[in-house]
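Now for the letters of each chain:
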Amino acid sequence: MENYLGLGVGIIAIVTAFLVNSAFLFKTSLSIAIICLIIALTNGFEQDPSLELICFTLIGIIALGYLISFLPEKIRMAAPYFVGFLALIPIGAKANYQGFEVDWTMEVALFAIIGSIIPLFAKIKDWFAVRWFGADKAEFSTAVSLVYLGIFVFAASFVVSTFGVILLATGFFAANLGLRSNNGLQLGILLFAVAWLFYSLNALDGVSDSLLKGNLWMGILAGLGSLWACKSIKSEKARVFLSLFIPLLIIGVLVSFGLANENFGGTPTLLGAIIGSSLALALIEQPDSEKPFQGMLLPLILIGFTGPVDHCLQPEKLKVETLLADSDTESNQIAEKEDVMAIPAIALSDGDAGAWKSVAENSKLEFEVGPVASRTAGAIKDFTVDLQLDKSAILKSLDVEMKSGSLTTFNDIRDESVLGDEFIESGKYPKITFHSKKIEKVGEDYKITGDLEFVGMKEEVTIQLRFVSKLEKDGDEVLVFVGKTVVDRTKHQMTSDSKIGDLVDVTFEVAVAR
């Protein structure tokens, strides 16, 4: 649902760009796009009884701003500053937004209220600037608004995390919608772009790993430069095409570089383009004070296509067909990332005695390394497992052989370094092996101590293992076990590094057949 809503934002924004000649159609279409964006952003909430009230309140703020825009000028000049007060309705509600507890207090509601009255603060300031210093009224108002927005974005993100920025953006946009301020609407879109960036960092897989790298900044400069160039366009007929589709073409080409390598383009470049094009909106003067600038829709279009682009350009993870029963995986959805051993164990019988060998297409061996805030995930794609069960179906031996060259962190450039001489030296040491020496049955699990030979060094490690499923596949009897261990990479000729992390957490799900 979230992806469809996001895509709807982009499609509606494209349509809106062609409606600038009609004030009614433009603000109606733009309001619908922003409402869809708000609903998409509320996907960050966990299911909660207060969710509908929160969602309707945010939509109500935008709707009220829209309705005020039709009122006579005398009322319209004052009424928009009160739209944020609708945020007082859900006071007392409790919810969780992307892992952050949101207790809807007066302090939380205040961010929507502040957002709606920032235009008033800026208006008072620009009155003094014009009167005392002869400053340009529109430009000074924009500058003051940006300063206020910067201060309150920080405060909102500090107090209520991402959701505080969403509240601030909602109040600010609704107020400027009521005031019929094209410059204000541009800054409102900029604010929603900031909220979307925060949301995306928490919601999209693998995005944070690529931030502050070249592809993000490439996107920022492409978005800023391509839209900035459009301010020089004088022809109204050419403006729609050049201020919308030329930037999209440039950004699309740069983002598509991610098909070759995630470090060259991809979702970080798209997010950068959202930031850059939004910043351009704060700098570009209106070509016509009566008509909005078509390019102001570019950030919304890019926001709309974040989900599809991320889906298409995400680095390919392991494609392994799990043989665990649906009930096993469903009961373990929450604990799955924390502890692979959370799946209930099964009992084996005497008939399971004998030799078993891994089934590659149904087995996976994964690892994570690094500080909690910046974990690097990876896997070994090519490995085999041989085990023996004695006459009582007790695990007797376990042998694992892995091809070091199949190790991946799902990043081509990083893998080149990891597989090279600095780390695992896959050319010199093509195999990684584990041979069990001592096996103890502890309750439902096995504690297996053995030798891990890795990068030419043999060290003793302990594995925890549990059999979790028994089934028939293609006429063969199959057992599935899961397990985990920890490997200290510094004991295998690798230098300690706190940024990379020394302890590697290894987990596996292996299917074995006779």
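Chemist: How should unusual backbone geometry be read in this particular structure?
Modeler: For residues besides glycine, phi is generally negative; the peptide bonds are generally trans as well. The phi dihedral of arginine 180 falls on the positive side, at around 55 degrees, and the residue is not glycine. One can find arginine 180 in the loop between helix 6 (137-179) and helix 7 (182-203).

Chemist: What exactly am I supposed to notice about the environment of leucine 191 here?
Modeler: Among the structural elements, leucine 191 can be located in helix 7. Other than its neighbours up to four places away in sequence, leucine 191 contacts Leu149, Val153, Val165, Leu168, Ala169 and Phe172.

Chemist: Where do I start with the packing of aromatic side chains in this structure?
Modeler: Aromatic ring pairs: the centre-centre distance and the angle between the two ring planes describe each pair. In the structure shown here, the tally under the stated rule is 15 aromatic pairs. Ring geometry for phenylalanine 121 versus tyrosine 148: centroids 5.7 Å apart, planes at 55 degrees, classification tilted. Highlighted residues: phenylalanine 121 in helix 5 (residues 106-133) and tyrosine 148 in helix 6, separated in sequence by 27 residues. For the pair phenylalanine 481 and phenylalanine 508, a centre-to-centre distance of 6.0 Å together with 80 degrees between the ring planes defines the contact as edge-to-face. Linking phenylalanine 481 in strand 12 (residues 476-488) with phenylalanine 508 in strand 13 (residues 503-513), this pair joins segments that are 27 residues apart in sequence. Like phenylalanine 508, phenylalanine 481 is buried. Three or more aromatic residues link up through ring pairs in this structure, and these residues are Phe45, Tyr97, Trp104 and Phe163.

Chemist: It is not clear to me how the environment of phenylalanine 82 should be interpreted in this structure. Could you clarify?
Modeler: Residue position: phenylalanine 82 is located in the loop between helix 4 (73-76) and strand 1 (94-97). Phenylalanine 82 sits 35 residues away from isoleucine 117 along the chain, and the two C-alpha atoms are 7.5 Å apart.

Chemist: Looking at this structure, how should I read the packing of helix 2 (residues 23-41) against helix 3 (residues 51-68)?
Modeler: Two packed helices can be described by the angle between their axes and the distance between those axes. With their axes 10 Å apart at the nearest point, helix 2 and helix 3 run at an angle of 165 degrees to one another. When the axis of helix 2 is compared with that of helix 3, the two are roughly antiparallel. Between helix 2 and helix 3 lies a crossing whose hand is right-handed. Residues Phe24, Lys27, Thr28, Ser31, Ile34, Ile35, Ile38 and Ile39 of helix 2 form the contact with helix 3, whose own contacting residues are Cys55, Leu58, Ile59, Ile62 and Tyr66. Grouping the amino acids of the contact of helix 2 with helix 3 by side-chain chemistry returns 10 nonpolar, two polar and one charged.

Chemist: Please clarify how the pattern of salt bridges should be interpreted in this entry.
Modeler: When the charged atoms of two side chains lie near each other, side chains of opposite charge can form a pair. Summed over all chains, the structure comprises 14 salt bridges. Residue lysine 357 pairs with aspartate 386 through a salt bridge whose shortest N-O separation is 3.3 Å. Separated by 29 residues along the polypeptide, lysine 357 in strand 3 (residues 354-358) and aspartate 386 in strand 6 (residues 383-389) bring together distant segments of the chain. Glutamate 460 is paired through a salt bridge with lysine 437; the nearest N and O atoms lie 2.9 Å apart. In this pair, glutamate 460 sits in strand 11 (residues 457-473) while lysine 437 sits in strand 9 (residues 431-442), placing the two residues 23 residues apart along the sequence. Residues participating in the shared-partner salt-bridge network are Asp352, Lys470, Glu477 and Arg514.

Chemist: Before we go on, may I ask you to explain the side chain of threonine 306 in this structure?
Modeler: Take threonine 306: it is sitting in helix 12 (residues 306-313). Among the polar contacts listed, one links the side chain of threonine 306 to the backbone oxygen of isoleucine 303, at a separation of 3.1 Å.

Chemist: Mind showing me how you'd approach the pairing of strand 11 here?
Modeler: Successive residues of a regular strand alternate their side chains across the two faces of the sheet. Of the pairings in the sheet, the one linking strand 10 (residues 445-454) to strand 11 comprises nine bridges and is antiparallel in character. By the bridge assignment, glycine 450 is partnered in strand 11 with valine 461. Of the pairings in the sheet, the one linking strand 11 to strand 12 comprises nine bridges and is antiparallel in character. Bridge assignment links glutamate 472 to a residue of strand 12, and that residue is glutamate 477.

Chemist: Would you mind showing me how to read the confidence of the model for the protein here?
Modeler: Reading fine detail from the predicted coordinates is not recommended where pLDDT is low. Across the protein, the average pLDDT comes to 85, with 87% of residues at 70 or higher. Per-residue pLDDT stays below 50 along residues 327-337; that stretch engages in seven contacts with residues further than four places along the chain or on separate chains.

Chemist: Is there a simple way to explain the nonpolar core in this structure?
Modeler: One broad trend across soluble globular proteins is that nonpolar side chains are buried collectively. Counting residues in each nonpolar core, the largest one holds 89 residues, and the members touching the most others are Leu30, Trp104, Phe163, Phe173 and Leu300. Considering each element in turn, this core owes the most residues, 18 residues, to helix 6. Excluding residues that lie within four positions of it along the chain, tryptophan 104 makes contacts with Ile54, Ala87, Pro90, Ile91, Gly92, Ala93, Ala109, Phe163 and Leu167. Within the second largest apolar cluster, 38 residues are counted, among which are Leu389, Ile424, Ile448 and Leu452.

Chemist: Looking at this structure, how should I read a nonpolar patch on the surface?
Modeler: Together, Phe82, Phe85, Leu88, Ile91, Met106 and Leu110 make up a nonpolar patch on the protein surface, roughly 530 Å² of accessible area in all. Residue position: phenylalanine 85 is located in the loop between helix 4 and strand 1.

What counts as what
Residues numbered from 1 in each chain as written. Predicted model: local features only at pLDDT ≥ 70, side-chain atom pairs only at ≥ 80, totals over all residues. Heavy atoms only, no water. Helix = DSSP H or I, 4+ residues; strand = E, 2+ residues; numbered from the N terminus. Contact = heavy atoms within 4.5 Å. Phe/Tyr/Trp six-rings, centres within 6.5 Å; stacked < 30°, edge-to-face > 60°. Buried < 20%, exposed > 50% of the residue type's maximum accessible area, 1.4 Å probe, protein only. Axes fitted to C-alpha atoms, helices over the stretch in contact; angles between N-to-C directions. Parallel < 35°, antiparallel > 145°, perpendicular 65-115°, else oblique. Left-handed = near helix turned anticlockwise from the far one by under 90°. Nonpolar A, V, L, I, M, F, W, Y, C, P; charged D, E, K, R; others polar. Salt bridge = Lys/Arg side-chain N within 4 Å of Asp/Glu carboxyl O. Polar contact = N/O pair within 3.5 Å; in protein donor to acceptor, adjacent residues only side chain to side chain. Pairing = 2+ DSSP bridges. pLDDT = per-residue confidence, 0-100. Core = buried A, V, L, I, M, F, W, Y, C linked by side-chain atoms within 4.5 Å. Patch = residues over 30% accessible without salt bridge, like charges linked within 9 Å, V, L, I, M, F, W, Y side chains within 5 Å. Areas by Shrake-Rupley, 256 points an atom, 1.4 Å probe, with all protein chains shown as cover.

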